[in-house]
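So you can see what is in the structure, the chains are spelled out below.
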Amino acid sequence: MELNNYSVVSEFILLGLTKSQNLQIFFFLGFSMVYIGIVLGNLLILITVTLDSHLHTPMYFLLANLSLIDMILGSFATPKMIVDFLRQHKTISWWGCFSQMFFMHILGGSEMMLLVAMAIDRYVAICKPLHYMTIMNHRVLLGLIVISYAVGFVHSSSQMAFMLNLPFCGPNIVDSFFCDLPLVIKLACRDTYVLQLLVIADSGLLSLICFILLLFSYTIIIYSVRHRSSGGSSKALSTLSAHITVVTLFFAPCVFIYVWPFSRYSVDKILSVFYTIFTPLLNPIIYTLRNQEVKAAIKKIRNRQINSKHNLQLRVPKNFLF
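The residue numbers shown here count from 1 along each chain, following its written sequence. Only residues with pLDDT of 70 or above have their local features reported here, since the model is predicted, and side-chain atom pairs are shown and tallied only from 80 upward, although totals for entire chains, interfaces and linings are computed over all residues. Excluded from the side-chain calculations are hydrogens and water; all other atoms, namely the structure's heavy atoms, are used.

Peer 1: Explain the overall build of the protein chain here, please?
Peer 2: Numbering of helices and strands runs from the N terminus; a helix is a DSSP stretch of H or I covering at least four residues, while a strand is a stretch of E covering at least two. When helices and strands are tallied, the protein chain shows twelve helices and three strands. A simple rule labels every residue: compare its accessible area, found with a 1.4 Å probe on the protein chains alone, to the largest value its type can have, and call it buried under 20%, exposed over 50%, or partly exposed in between. Looking at the protein chain as a whole, 46% of its 322 residues are labelled buried. Note on contacts: a residue pair is in contact if any heavy atoms of the two residues lie within 4.5 Å. A sequence separation of at least 24 residues applies to 80% of the contacts in the protein chain between residues at least 6 apart. In these tables, accessible area is a Shrake-Rupley quantity obtained with a 1.4 Å probe, and a residue counts as shielded only by the protein chains included in the view. Of the roughly 17,100 Å² of accessible surface on the protein chain, a fraction of 69% belongs to carbon and sulfur atoms.

Peer 1: For this particular structure, what's the right way to read helix α4 (residues 94–127)?
Peer 2: An α-helix turns once every 3.6 residues. As a result, residues three or four positions apart point the same way. Its 34 residues place the ends of α4 50 Å apart at the C-alpha level, agreeing with the 50 Å of an ideal helix rising 1.5 Å per residue. Across the 34 residues of α4, 27 count as buried, placing the element largely inside the fold. Each residue after the first adds 1.5 Å to the expected span of a helix.

Peer 1: Can you walk me through the nonpolar core in this structure?
Peer 2: Note that soluble globular proteins tend to have their nonpolar side chains buried in a common cluster. Of all hydrophobic cores here, the largest spans 62 residues; its most connected members are Leu115, Leu214, Phe251 and Ile277. Apart from the residues lying within four places of it in its own chain, the contact partners of Leu115 are Leu66, Leu214, Val246, Val247, Phe250 and Phe251. In this structure, Cys179, Leu181, Leu183 and Val184 belong to the second largest nonpolar core, which totals 22 residues. Remark: nonpolar core denotes a set of buried residues (Ala, Val, Leu, Ile, Met, Phe, Trp, Tyr, Cys) joined through side-chain atoms within 4.5 Å.

Peer 1: Help me out: how do you make sense of the UniProt feature "transmembrane region" (unreviewed entry) in the protein chain in this one?
Peer 2: Under the UniProt annotation, the feature "transmembrane region" (unreviewed entry) is placed at residues 25–47, 59–78, 98–120, 140–158, 205–225, 237–260 and 272–289. Helix and strand shares over residues 25–47 are 100% and 0% respectively, and the end C-alpha atoms of the span are 33 Å apart. Structurally, residues 98–120 comprises 100% helix and 0% strand, and the distance from its first C-alpha atom to its last is 33 Å. UniProt positions are given in the numbering used here, feature names are shortened, and annotations may be inferred rather than shown by experiment.

Peer 1: Would you mind showing me how to read helix α2 (residues 58–73) here?
Peer 2: Taking 1.5 Å per residue, 16 residues should reach 22 Å; α2 reaches 22 Å between its end C-alpha atoms and fits that length. The element α2 is extensively covered by neighbouring structure, given that 13 of its 16 residues are classed as buried.

Peer 1: Help me understand the packing of helix α6 (residues 138–163) against helix α8 (residues 193–226), please; the structure alone is not making it clear to me.
Peer 2: Put simply, α6 and α8 touch, their axes get as near as 10 Å, and they point 175° apart. Judged by the angle between their axes, α6 and α8 are roughly antiparallel. Across the interface between the two elements, Val151, His155, Ser158, Gln159 and Phe162 from α6 touch Leu195, Leu198, Val199, Asp202, Ser203 and Leu206 from α8. Note on method: axes are straight lines fitted to C-alpha atoms, helices fitted across the in-contact stretch only, with angles between N-to-C directions ranging 0 to 180 degrees. Under this scheme an angle from 65 to 115 degrees is roughly perpendicular, one under 35 degrees roughly parallel, and one over 145 degrees roughly antiparallel; angles in between are oblique.

Peer 1: Can you help me understand the pattern of salt bridges in this one?
Peer 2: Pairs can form between side chains of opposite charge whenever their charged atoms are close. The rule for a salt bridge is simple: a side-chain nitrogen of Lys or Arg has to be within 4 Å of a carboxyl oxygen of Asp or Glu. Applying the stated criterion across every chain, the model contains four salt bridges. A salt bridge links Asp52 to Lys300; its shortest N-O distance comes to 3.5 Å. Taken together, the positions of Asp52 in the loop between α1 (21–51) and α2 and Lys300 in helix α12 (residues 292–315) put the pair 248 residues apart, joining distant regions of the chain. Residue class for Asp52 comes out buried when judged on its relative accessible area of 2%. Since its relative accessible area comes to 36%, Lys300 is described here as partly exposed. The salt bridge partner of Lys80 is Asp84, with a shortest N-O separation of 3.4 Å. Taken together, the positions of Lys80 and Asp84, both in helix α3 (residues 78–84) and four residues apart, correspond to about one turn of that helix.

Peer 1: I tried to follow the environment of Leu198 on my own but got confused; where do I start?
Peer 2: Position of Leu198 relative to the elements: it lies in helix α8. Once the C-alpha coordinates of Leu198 and Gln159 are considered, the two residues, 39 residues apart in sequence, prove to be 8.4 Å apart.

Peer 1: What should I look at first to understand a nonpolar patch on the surface in this one?
Peer 2: A surface patch of nonpolar side chains, about 330 Å² in accessible area, is lined by Met33, Ile36 and Leu40. Residue position: Leu40 is located in helix α1. Like charges are joined within 9 Å and nonpolar side chains (Val, Leu, Ile, Met, Phe, Trp, Tyr) within 5 Å, but only among residues with over 30% relative accessible area and no salt bridge; these make up the patches.

Peer 1: Explain the sheet that holds strand β2 (residues 91–93) here, please?
Peer 2: We call two strands paired when DSSP finds no fewer than two bridges between them. Judged by pairing direction, the sheet is mixed, and its three strands sit side by side in the order β2-β1-β3 without closing on themselves. Across the chains shown, the open sheet's two edge strands, defined by having one partner strand only, are β2 and β3 (173–174). Summarising the sheet, strand β1 (residues 11–14) and β3 pair through two bridges and their orientation is parallel. From the neighbouring strand, Ile13 faces β3, where its bridge partner is Ile173. The sheet strands contacting α4 are β1 and β2, and the helix crosses β2 at an angle near 85°.

Peer 1: Explanation requested: the state of the cysteines in the structure shown.
Peer 2: Here a disulfide denotes one covalent bond, and it connects the sulfur atoms of two cysteines. Here, a disulfide means two cysteine sulfur atoms that sit within 2.5 Å of each other. Scanning all chains against the criterion turns up two disulfides. What pairs with Cys97 in a disulfide is Cys179, and their sulfur atoms sit 2.1 Å apart. With the S-S dihedral at roughly -120°, the linkage between Cys97 and Cys179 falls on the left-handed side. Taken together, the residues span a long stretch of sequence, with Cys97 in helix α4 and Cys179 in the loop between β3 and α7 (181–185) at a distance of 82 residues. Cys179 matches Cys97 in its accessibility class, with the two residues each being buried.

Peer 1: What should I look at first to understand the environment of Phe177 in this one?
Peer 2: In this structure, Phe177 sits in the loop between β3 and α7. Those residues in contact with Phe177 that sit more than four places away from it in its chain are Leu14, Gly16, Leu17, Met81, Lys269, Ser272, Val273, Thr276 and Ile277.

Peer 1: Explanation requested: the packing of aromatic side chains in the structure shown.
Peer 2: Classification of ring pairs rests on two measures: the distance between centres of Phe, Tyr or Trp rings, Trp counted by its six-membered ring, which must be within 6.5 Å, and the angle between planes, read as stacked under 30 degrees, edge-to-face over 60 and tilted in between. This model, assessed by the stated rule, comprises 13 aromatic pairs. Between Phe31 and Phe85, the aromatic rings sit 6.1 Å apart at their centres with planes inclined by 20°, giving stacked as the arrangement. Taken together, the residues Phe31 in helix α1 and Phe85 in the loop between α3 and β2 connect sequence positions 54 residues apart. Across this residue pair, the class does not change: Phe31 and Phe85 are buried.

Quick look at the structure:
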């Protein structure tokens, strides 16, 4: 690639979350447990939605895609951060750094649009309950999923196209636990003021637009529910508070980082931990602990496995093992 002719930086140094050895050991244990929770929690939702036929509905199909994104989002930087807690020199290759930025913005942009799609689903379920399955048919559902991933891909590709042309020939220290666009851009060996504004505008505008759309849709839903009372609406509304909680946890840090560009990087680092690690962990907790259908499906699958194992033991002859 032409970039390699004038870019002498082959790796970046990540400062991580702290320099304290005691805190690094504590963070290693803590974040290891968090990461296990991210993988197992989201994997549990994926398996439950897949195996239980009662959850084969548009809402749970969108929820399964959200869990898939969260599981990958929690894995693009967290394992390396955990390993780096045990390392003296925390480095990442040039390609590794740019891969982190690329996938982080693909997943972030896709999750934003997916949350909008989930809000549309709740609007139809609550405001148009009799026509829910007609409106949210397979074609519409597939279109919402494709649009969500396409927006994330275009959003990330448009920013990385500018990053690939930047020369890196001097400082290579990133004050974070992963490579993020605002921090890496500042290390380029040219004036990047305009590019920084472009990144802030791109990411910030996407975050702000999705957040406003979500607030608008939830306002309409709440207004509609106040003027009607039905079992179907009540059931659909029971999931609305979980959606609002997830939206707040995910969008608040993103909007603060990219829409408010004058925040300190120490604050940004804390917020980055929140939306790249804690939010993927909280999503399965929020949706399972507050959702009776998911909990019932998990219990049904568990009982099915126990009964299957018990029946298998009964079929084995007593003298089989001699």
